[in-house]
Amino acid sequence: MTREEFMEEPTSSNSINRKGCRERYAQFMEESWCAHFFLGPKPFMARYVYALIFLVTNLLAWTIRDYGHSALSELQRLKGCYGARYCLGAEGVLRISLGCFLFFFVMFLSTVNTKKVQDWRNSWHSEWWPAKIILWLGFMAIPFFIPSAFIQLYGKVAHFGAGVFLLIQLVSVISFITWLNDCCRSEKNERRCHVQVMIVSILAYMASIVGIVLLFVWYAPRPTCSVNILFITLTLALLQLMTFVSMHSKINAGYLAPGLMGLYIVFLCWSAIRSEPHTEICNKKAEAVTRADWLTITSFVIAVLVIVMATFSTGVDSKCFQFKKTEAESEDDVPYGFGFFHFVFAMGAMYFAMLFVGWNGHQNMPKFTIDVGWASAWVRIVNQWLAALVYMWMLIAPLVWKRRQVEAT
């Protein structure tokens, strides 16, 4: 072996080793979950990150409301509260809510009408996390330098935004129930799922009736509880009315959908009564939430998680709001509507603010409570009535449109 060959051999070997290391590193980065999480455009993974950001914002708003009075009182911009501790807490929640709303509304404006995965907005939605974290932190800080009068105005606007969120959520839930009912009653699945559908329908009706009986026992123990008796009686009447409309000969939608809707409106009735002030003598369960014990804290944590889950599930369900037929989906289409997703989260920011202040920025909310007050109760019960009306209209609307078409011809 010559001297030149001897000197070139280690160099060539080192080059091969370095090339092999680079190849193994590239393969690791391609297969690594962290690499996919931070580097590649992953819309499905991105929505969980946004949900985590929304959860952290909720916890921050709760911390500001229950434990941030001393810190908030040092900010000169908050003197519009005139030193009232409950006002400082409510304003803190509204400021956090405003920052969250601005973040998701900017994301909505920058991703709306994204259709294809090749669009640069897909990359913006699914990547660039350091930049978006900095953007979120900036929007969290900016509202604390805004005058109190503007924050109060935002609180009034948030009532409307929270109502929009409830309406979107309501339509999403009803659309899922009707879709499940239509799927089970289709020619392909009707015979195969007939027994299962009957069992689920019977269980849903039984659970609804048991729930109504328990509501009477727990929240209407005496005739003087007229408001609760009204709420529960109307719930029973709505269950019967939805069943009657669904089983009408011209509709014949079956028992599954009205049974599931019955569970939903019973839950909304329970939520409405639970939202009544804890001083109500008709609310036997109120005493359990007036103390910051483990049960109250657990219930509060579950309630916060439910807010996040409801916002998340509604945000990815953009198809139920497509009022016109679209072209067939292809592989390069985005998996869900990015703009709609961020819009729901923006409205959800207003919604959680209303829950934390009880839909009233001028009342004192005890620690570890959420969505308590007469305003909250009436919002819930009106939402229940609206849910029943929307469901029945979705059953009747095709007949009305068909009749109009016949008359037009």
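Residues numbered from 1 in each chain as written. Predicted model: local features only at pLDDT ≥ 70, side-chain atom pairs only at ≥ 80, totals over all residues. Heavy atoms only, no water.

The name recorded for the protein chain in an unreviewed UniProt entry is Putative serine incorporator, from Carex littledalei. Turning to the protein chain, the UniProt record has this under Subcellular location (unreviewed entry): "Membrane". Under the UniProt heading Sequence similarities (unreviewed entry), the note attached to the protein chain is "Belongs to the TDE1 family." (UniProt positions renumbered as here; feature names shortened; annotations may be inferred.)

Caption draft 1: Structural context of the overall build of the protein chain. When you go through the protein chain residue by residue, the secondary structure sums to 14 helices and 0 strands. Put simply, the protein chain runs from its N terminus to its C terminus through helices and strands in the order α-α-α-α-α-α-α-α-α-α-α-α-α-α. A buried classification covers 45% of the 409 residues belonging to the protein chain. In the protein chain, of all internal contacts separated by at least 6 residues, the share reaching a separation of at least 24 is 78%. (Helix = DSSP H or I, 4+ residues; strand = E, 2+ residues; numbered from the N terminus. Buried < 20%, exposed > 50% of the residue type's maximum accessible area, 1.4 Å probe, protein only. Contact = heavy atoms within 4.5 Å.)

Caption draft 2: Main features of the packing of aromatic side chains. Applying the stated criterion to the full structure yields 21 aromatic pairs. Ring centres of Phe-105 and Phe-108 lie 5.6 Å apart, and the angle between their planes is 40°; on these two criteria the pair is classed as tilted. Residue Phe-105 and its partner Phe-108 are both found in helix H5 (residues 85-111); the two are separated by 3 residues, about one turn of the helix. Where Tyr-205 meets Tyr-255, the ring centres are 6.2 Å apart and the plane angle is 75°; that geometry is what we call edge-to-face. Taken together, the residues Tyr-205 in helix H9 (residues 194-219) and Tyr-255 in the loop between helix H10 (226-246) and helix H11 (256-274) connect sequence positions 50 residues apart. (Phe/Tyr/Trp six-rings, centres within 6.5 Å; stacked < 30°, edge-to-face > 60°.)

Caption draft 3: Local environment of the environment of Gly-211. Among the secondary structure elements, Gly-211 is positioned in helix H9. The exposure class of Gly-211 is buried, given its relative accessible area of 16%. As a C-alpha pair, Gly-211 and Phe-267 span 56 residues in sequence and 8.3 Å in three-dimensional space.

Caption draft 4: Structural detail: unusual backbone geometry. For Trp-128, which is not glycine, the phi dihedral falls at a positive 55°. Judged by relative accessible area, Trp-128 falls into the exposed class, the value being 54%. Residue Asn-252 is not a glycine yet carries a positive backbone phi of 50°. In this fold, Asn-252 is placed in the loop between H10 and H11.

Caption draft 5: Seen up close, the confidence of the model for the protein chain. Within the protein chain, residue pLDDT values average 77, and 74% of them lie at 70 or more. Here helix H2 (residues 33-38) stands out as the element of the protein chain with the lowest mean pLDDT, 44, in contrast to helix H7 (residues 129-141), whose mean of 93 is the highest. Here residues 288-292 is a poorly scored stretch, pLDDT under 50, and it has 10 contacts once near neighbours within four places are set aside; other chains count. (pLDDT = per-residue confidence, 0-100.)

Caption draft 6: Looking closely at the side chain of Thr-243. Mapped onto the elements of the fold, Thr-243 is located in helix H10. Overall, the relative accessible area of 15% leaves Thr-243 in the buried class. Those residues in contact with Thr-243 that lie beyond four places of it in its chain are Tyr-205, Tyr-255 and Pro-258.

Caption draft 7: Structural view of the packing of H10 against H11. Running from N to C, H10 and H11 cross one another at 165°; their axes reach a closest spacing of 10 Å. If you check the angle between H10 and H11, you find them roughly antiparallel. As H10 runs across H11, the sense of the crossing is right-handed. Touching Asn-228, Phe-231, Ile-232, Thr-235, Leu-238, Leu-239, Met-242, Thr-243 and Ser-246 of H10 are Pro-258, Met-261, Gly-262, Ile-265, Val-266, Cys-269 and Ile-273, all from H11. For the contact of H10 with H11, a count of residues per class yields 11 nonpolar, 5 polar and no charged. (Axes fitted to C-alpha atoms, helices over the stretch in contact; angles between N-to-C directions. Parallel < 35°, antiparallel > 145°, perpendicular 65-115°, else oblique. Left-handed = near helix turned anticlockwise from the far one by under 90°. Nonpolar A, V, L, I, M, F, W, Y, C, P; charged D, E, K, R; others polar.)

Caption draft 8: Focus on H9. In a regular helix each residue adds 1.5 Å, so 26 residues correspond to 38 Å; H9 covers 37 Å between its end C-alpha atoms and thus fits that length. The inward-facing, buried residues of H9 abut helix H8 (148-184), H10 and H11. (Expected span 1.5 Å × (residues − 1).)

Caption draft 9: Representation of the pattern of salt bridges within the structure. Evaluation of the coordinates by the stated rule reveals 2 salt bridges. When the shortest N-O distance is used, the salt bridge between Arg-95 and Glu-91 registers 3.1 Å. In this pair, Arg-95 and Glu-91 both sit in helix H5, 4 residues apart, roughly one turn of the helix. Like Glu-91, Arg-95 is buried. (Salt bridge = Lys/Arg side-chain N within 4 Å of Asp/Glu carboxyl O.)

Caption draft 10: Just the packing of H9 against H10, in detail. Where H9 meets H10, the axes come as close as 9 Å, and the angle between the chain directions of the two elements is 165°. In terms of orientation, H9 and H10 fall into the roughly antiparallel class. Once H9 is placed against H10, the crossing between them reads as left-handed. Residues Tyr-205, Ser-208, Ile-209, Ile-212, Leu-215, Phe-216 and Tyr-219 of H9 pack against Asn-228, Ile-229, Ile-232, Thr-233, Thr-235, Leu-236, Leu-239 and Thr-243 of H10. Classifying every residue of the contact of H9 with H10 by side-chain character gives 10 nonpolar, 5 polar and no charged.

Caption draft 11: Representation of the state of the cysteines within the structure. Tallied over the entire structure, the rule returns 0 disulfides. Cysteine Cys-183 remains unbridged, with the sulfur of Cys-184 as its closest cysteine sulfur at 5.5 Å. Judged by relative accessible area, which is 30%, Cys-183 ranks as partly exposed. (Disulfide = S-S within 2.5 Å.)

Caption draft 12: Looking closely at the environment of Gly-262. Secondary-structure assignment places Gly-262 in helix H11. Assessed through its relative accessible area of 0%, Gly-262 is described here as buried. Counting along the chain gives 24 residues from Gly-262 to Leu-238, while the straight-line C-alpha distance between them is 8.1 Å. Apart from residues no more than four positions distant in its own chain, Gly-262 is found in contact with Ser-208, Leu-239 and Met-242.

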